[in-house]
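This is what each chain is made of:
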Amino acid sequence: QQPVQSPQAVILREGEDAVINCSSSKALYSVHWYRQKHGEAPVFLMILLKGGEQKGHDKISASFNEKKQQSSLYLTASQLSYSGTYFCGTEGNSGYALNFGKGTSLLVTP
Amino acid sequence: ETGVTQTPRHLVMGMTNKKSLKCEQHLGHNAMYWYKQSAKKPLELMFVYNFKEQTENNSVPSRFSPECPNSSHLFLHLHTLQPEDSALYLCASSQAGMTSGGVREQYFGPGTRLTVT
């Protein structure tokens, strides 16, 4: 079952903040976040495991609410380099694979 | 070479052709994946191999046939494809997960842009 991401697209000015949400109808073991720039491969950002943890590096962080089966990605003081499509991948309690959302297109303008 | 490489980067084939996509990882991983990425659709998992054993086949048509001769190489053999199979095919690798979860971070190759005419 694919997770649902929102919003589908967002446009920011440099320095503004954004939140991207990912929700699932099934119980989750982990949530992965990836960023894909146009014409490039997706690049891993972070994994959040069940237990309600929060992670971050630099100005990009994420939270995982296991009970609500939701994760949010927070981008603060956005930079031009943050532009791209952000995907969440969710892992259920069995299996070896991720189900990816449709992605959120983020454009940061000067 | 470093990371995950894929060849060819672009492929145009007719519906009656047979071709193969190749993926190689130089990261010492033991799990490899094939994904299909179409416009405005989620990344679709096609196949998963853990320690050279296929552990996932996501209801993929038989015109796609994977092969994993060792933990560093993964192939996708294509035959009698349809125009709707045109897409970006991505290969990824990771450390193998466990049966109860624990999919590790995946490293993607640049993809093969496939066009079926």
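Our subject is the structure that appears above.
Throughout what follows, the structure given in this document is the object of discussion. In this text the structure is predicted, and so the values were computed from the model without any measurement. (Residues numbered from 1 in each chain as written. Chains lettered and ligands numbered in written order. Predicted model: local features only at pLDDT ≥ 70, side-chain atom pairs only at ≥ 80, totals over all residues. Heavy atoms only, no water.)

For the rest of this paragraph, the subject is the overall build of chain B. Check the secondary structure of chain B and you find zero helices and 11 strands. Starting at the N terminus and walking to the C terminus, you meet the elements of chain B as β-β-β-β-β-β-β-β-β-β-β. Its C-alpha atoms give chain B principal-axis dimensions of about 40 × 30 × 30 Å. Out of the 117 residues belonging to chain B, those deemed buried represent 50%. Accessible area of chain B: about 5,500 Å², with a carbon and sulfur share of 48%. Once the 11 positive and 9 negative side-chain charges of chain B are each reduced to a mean point, those two points are 6 Å apart. (Helix = DSSP H or I, 4+ residues; strand = E, 2+ residues; numbered from the N terminus. Buried < 20%, exposed > 50% of the residue type's maximum accessible area, 1.4 Å probe, protein only. Areas by Shrake-Rupley, 256 points an atom, 1.4 Å probe, with all protein chains shown as cover. Lys, Arg positive; Asp, Glu negative; His and termini not counted. Charge placed at Lys NZ, Arg CZ, Asp CG, Glu CD.)

With that out of the way, let us pick up the sheet that holds strand β7 (residues 64-70) of chain B. Residues and elements named next belong to chain B. Pairing is antiparallel in the open sheet, where four strands are placed in the order β1-β3-β8-β7. The open sheet has two edge strands with one neighbour each: β1 (4-7) and β7. Here the strands of the sheet are splayed against their neighbours by 20° on average, with no regard to which way each runs. Relative to strand β3 (residues 18-25), β1 runs antiparallel, the two sharing four bridges. Of the residues in β3, the one forming a bridge with V4 is Q25. (Pairing = 2+ DSSP bridges. Axes fitted to C-alpha atoms, helices over the stretch in contact; angles between N-to-C directions.)

Attention shifts here to the environment of L49(A). All names here are of chain A. Structurally, L49 can be placed in strand β5 (residues 43-49). The spatial distance from the C-alpha of L49 to the C-alpha of Y82 is 24 Å, given a sequence separation of 33 residues. In contact with L49, other than residues within four places in its own chain, are Y29, S30 and F64. (Contact = heavy atoms within 4.5 Å.)

In this structure the tally under the stated criterion is two disulfides over all chains. Here C22(A) connects covalently by a disulfide to C88(A), the sulfurs 2.1 Å from one another. Since a negative S-S torsion denotes a left-handed disulfide, the C22(A)-C88(A) link at about 75° is right-handed. On the criterion of sequence distance, the pair formed by C22(A) in strand β3 (residues 18-23) and C88(A) in strand β9 (residues 84-91) is long-range, its members being 66 residues apart. Judged by relative accessible area, C88(A) falls into the buried class, the value being 0%. Sulfur-sulfur distance for the disulfide between C23(B) and C91(B) comes to 1.9 Å. Sign of the S-S torsion, about -70° for the bond between C23(B) and C91(B), identifies this disulfide as left-handed. (Disulfide = S-S within 2.5 Å.)

Turning to the packing of aromatic side chains, a few remarks are in order. Residue and element names in this part refer to chain B. Inspection of every chain in the model, using the stated rule, returns seven aromatic pairs over all chains. Centroid distance Y35 to F108: 5.5 Å. Interplanar angle 40°. Geometry classified as tilted. Of this pair, Y35 sits in strand β4 (residues 31-37) while F108 sits in strand β10 (residues 107-108), placing them 73 residues apart in sequence. Relative accessible area serves as the criterion here: at 0%, Y35 is assigned to the buried category. Plain terms: the ring middles of F64 and Y89 are 5.9 Å apart, the flat faces sit at 35° to each other, and that makes the pair tilted. You can see F64 sitting in strand β7 and its partner Y89 sitting in strand β9 (residues 87-94), a full 25 residues away along the chain. As far as burial versus exposure is concerned, F64 and Y89 are alike and both buried. (Phe/Tyr/Trp six-rings, centres within 6.5 Å; stacked < 30°, edge-to-face > 60°.)

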